[in-house]
Amino acid sequence: MQFGIFGVGDIAPDPATGIPRSEAQRIQDTIRLAKAADELGLDVFAVGEHHNPPFVASAPPVLLAHIAAQTQNIILSTSTTLITTNDPVKIAEDYTFLQHVSNGRMDLMLGRGNTVPVYPWFGQNIRDGVPLALEHYNLLHKLWREDVVDWEGRFRTPLQGFTATPRPLDGVPPFVWHGAIRTPEIAEQAAFHGNGYFANHILAPNFHFKPLVDFYRQRFEHYGHGRAQDAIVGLGGQAFIAKRSQDAYTAFRPHLESHPIFQGTTLERVAETTPLSVGSPQEVIDKTLTFQEGFGDYQRQMWNIDLGSMPIEAVLEQVELLATEVVPVLRKEMDSRRAPGVPDAPTHASLLKAKYGDAEPRQARPRPNTGDNTSGPLPYLDSDPATPAQMPRFA
């Protein structure tokens, strides 16, 4: 079971002063948080992607590469990478490069996002959101598994004899989670490929996303990847922890109730009706264990603990309480309740073992260029001669 924290780089006004942090400060605070999560032994740190104020997380590969250089063990991920408005060729190359510089300590979550105007900003139409997501991932999947790609679809120019570089580290593509809270087609795609499915279990009523998780599990089994209970599921969550429950409510109340998303409600109401966990470490443990009861065994639990108005000092206290008093108990409890044979979340090491066993993994070695910055029909020394590149010809 993996435990970690995720965020979206949001910035909200301080409830006492009404003044928000600067973008520069928010970026530096995110880096401090990731380093603390690594030092305290959490498993995963993830950042989202937004391209509009009041969010600052517009370039996850850049931020995660910087964090990779300053951490040792933590897996770096996204929450989410926009598969609809990003070019899948650019995703393939950016995140494979991140895979290399992090020595395999990464995976990524793909999703459609929830910002309507982002589509025309990047030349797309929101009415094509689901077809875009499906087609773009199918191309990304292919780019990571074939040295030479010929492809044609609806939403981008065709590819002829194309090679995405660098090739995946050790010949093993990054593991992909598909994040969706309203789209059965995305759950179906995740199941078809045997990928992970992430339900961002926040804001909506508790267990609101169980039907989609159940559907994904059923289709995972249908496609022959294992039992339904073996499907790779991740859940989001939101938490605020203090040694005493009343202190947690007192400290968190102004940040939540002044936040634009939650204005007009109360902290008690949100904590009662949604997956938000507020209180002592034991109260957060108890609520998180209900997720396992409701969704079944799952592989990754992530929490949002850095709501946009919270100062970094308070957030660092949260990550310490989470890592030292909540997660160790959850590891033990969830493991003791886990059904026999349910797999762990894939990592680079486990995927490497599954593909190669004890054999040496692939080390992609490109052929020299032929004078026009290409390496000819077989781009690597070990490229499959049965599928040579047919380069475009120009009259």
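Look above for the structure.
As a starting point, this report considers the structure included with it. (Residues numbered from 1 in each chain as written. Predicted model: local features only at pLDDT ≥ 70, side-chain atom pairs only at ≥ 80, totals over all residues. Heavy atoms only, no water.)

This brings us to helix 10 (residues 281-295). Think of an α-helix as turning once every 3.6 residues; residues three or four places apart then point the same way. Counted at 1.5 Å a residue, the expected span for helix 10 with its 15 residues is 21 Å, and the 22 Å between its end C-alpha atoms agrees. Looking at helix 10, one finds that the buried residues are Pro281, Val284, Ile285, Lys287, Thr288, Leu289, Phe291, Gln292, Gly294 and Phe295. Where helix 10 terminates, the next one or two residues include Gly296, which has phi positive at roughly 90°. (Helix = DSSP H or I, 4+ residues; strand = E, 2+ residues; numbered from the N terminus. Expected span 1.5 Å × (residues − 1). Buried < 20%, exposed > 50% of the residue type's maximum accessible area, 1.4 Å probe, protein only.)

All right, on to the sheet that holds strand 3 (residues 75-78) then. Here we have 9 strands laid out as an open sheet, ordered 3-2-1-13-10-9-8-5-4, and parallel in their pairing. Every other strand in the sheet has two partners, leaving strand 3 and strand 4 (81-82) as the edge strands with one partner each. Pairing of strand 1 (residues 2-7) with strand 13 (residues 300-303) involves 4 bridges; the strand directions are parallel. Counterpart to Ile5 in the pairing with strand 13 is Trp303. (Pairing = 2+ DSSP bridges.)

What follows is about unusual backbone geometry. Of note, the bond from Ser79 into Thr80 is cis; its omega dihedral lies within 30 degrees of zero at 15°. Tracing the backbone shows Thr80 in the loop between strand 3 and strand 4. Even without being a glycine, Asn373 presents a positive backbone phi close to 65°. Checked against the element boundaries, Asn373 lands in the segment after helix 12 (348-356).

Turning our attention to the pattern of salt bridges. Tallied over the entire structure, the rule returns 22 salt bridges. The salt bridge involving Lys90 is made with Asp94; its shortest N-O contact spans 2.8 Å. Taken together, the residues span about one helical turn, with Lys90 and Asp94 both in helix 3 (residues 88-101) at a distance of 4 residues. Among the residues examined, Lys90 registers a relative accessible area of 47% and is labelled partly exposed. Of the charged contacts, one joins Glu268 and Arg253 as a salt bridge, the two residues approaching to 2.6 Å between their closest N and O atoms. Placement of the pair is Glu268 in helix 9 (residues 267-273) and Arg253 in helix 8 (residues 245-257), with a sequence separation of 15 residues. Accessibility expressed as a relative area gives 27% for Arg253, which makes it partly exposed. In the salt-bridge network here, residues are joined through shared partners; they are Asp147, Arg167, Arg362 and Asp382. (Salt bridge = Lys/Arg side-chain N within 4 Å of Asp/Glu carboxyl O.)

So, on to the environment of Ile74. Its place among the elements puts Ile74 in the loop between helix 2 (60-68) and strand 3. Spatially, the C-alpha atoms of Ile74 and Asp128 are 35 Å apart, while their sequence positions differ by 54 residues.

Time to look at the nonpolar core. Residues Ile5, Leu42, Phe45, Tyr216, Phe252 and Val319 are the most contacted members of the largest nonpolar core, which totals 98 residues. Contact partners of Phe45, with chain neighbours within four places excluded, come to Ile5, Thr30, Leu33, Ala34, Ile67, Ile74, Ile75, Leu76 and Ser77. (Core = buried A, V, L, I, M, F, W, Y, C linked by side-chain atoms within 4.5 Å. Contact = heavy atoms within 4.5 Å.)

Another aspect to go through is the side chain of Gln189. Checked against the element boundaries, Gln189 lands in helix 6 (residues 184-193). From its side chain, Gln189 meets the backbone oxygen of Leu134 in a polar contact 3.0 Å long. Setting aside its immediate chain neighbours within four residues, Gln189 contacts Ala133, Leu134, Tyr137, Asn138 and His178. (Polar contact = N/O pair within 3.5 Å; in protein donor to acceptor, adjacent residues only side chain to side chain.)

Taken as a whole, this structure holds 8 aromatic pairs when the rule is applied. Measuring from ring centre to ring centre gives 6.0 Å for Phe3 and Trp303, while their planes differ by 10°; the resulting arrangement is stacked. Taken together, the residues span a long stretch of sequence, with Phe3 in strand 1 and Trp303 in strand 13 at a distance of 300 residues. Across the pair, Trp303 and Phe3 agree in class, each one buried. A centroid spacing of 5.5 Å and a plane angle of 90° characterise the contact between Phe175 and Trp177, whose relative ring orientation is edge-to-face. Across the pair, exposure class does not vary: Phe175 and Trp177 are buried alike. Connected via pairs of aromatic rings, a cluster forms that spans Tyr197, Tyr216 and Phe220. When the ring centre of Tyr380 is taken as reference, the NZ or CZ atom of Arg362 above it lies at 5.3 Å. (Phe/Tyr/Trp six-rings, centres within 6.5 Å; stacked < 30°, edge-to-face > 60°. Lys NZ or Arg CZ within 6 Å of the ring centre and 35° of its normal.)

Contact pair helix 2 / helix 3: the axes reach a minimum separation of 10 Å and the direction vectors enclose 5°. Judged by the inter-axis angle, helix 2 sits roughly parallel to helix 3. Contact with helix 2, carried on its side by Pro60, Pro61, Leu64 and Ala65, involves Asp94, Tyr95, Leu98 and Val101 of helix 3 and no other residues of that element. The class makeup of the residues in the contact of helix 2 with helix 3 is 7 nonpolar, no polar and 1 charged. (Axes fitted to C-alpha atoms, helices over the stretch in contact; angles between N-to-C directions. Parallel < 35°, antiparallel > 145°, perpendicular 65-115°, else oblique. Nonpolar A, V, L, I, M, F, W, Y, C, P; charged D, E, K, R; others polar.)

Moving on: the packing of helix 1 (residues 23-39) against helix 2. Running from amino to carboxyl end, helix 1 crosses helix 2 at an angle of 45°, the nearest separation of the two axes being 10 Å. Accordingly, the angle class assigned to the pair helix 1 and helix 2 is oblique. Remark: the crossing between helix 1 and helix 2 carries right-handed chirality. Seen from helix 1, the contacting residues are Thr30, Ile31 and Ala34; seen from helix 2, they are Leu63, His66 and Ile67. (Left-handed = near helix turned anticlockwise from the far one by under 90°.)

Among the structural elements, Arg112 can be located in the loop between strand 5 (108-111) and helix 4 (118-121). Buried within the structure, Arg112 lacks any salt-bridge partner; Glu185 is the closest side chain of opposite charge, at an N-O distance of 6.7 Å. Within polar-contact distance, the side chain of Arg112 engages the side chain of Thr183 at 2.6 Å. Ignoring sequence-local partners within four residues, the contact set of Arg112 consists of Leu82, Thr84, Tyr119, Gly129, Val130, Ala133, Arg182 and Thr183. (Lys, Arg positive; Asp, Glu negative; His and termini not counted.)

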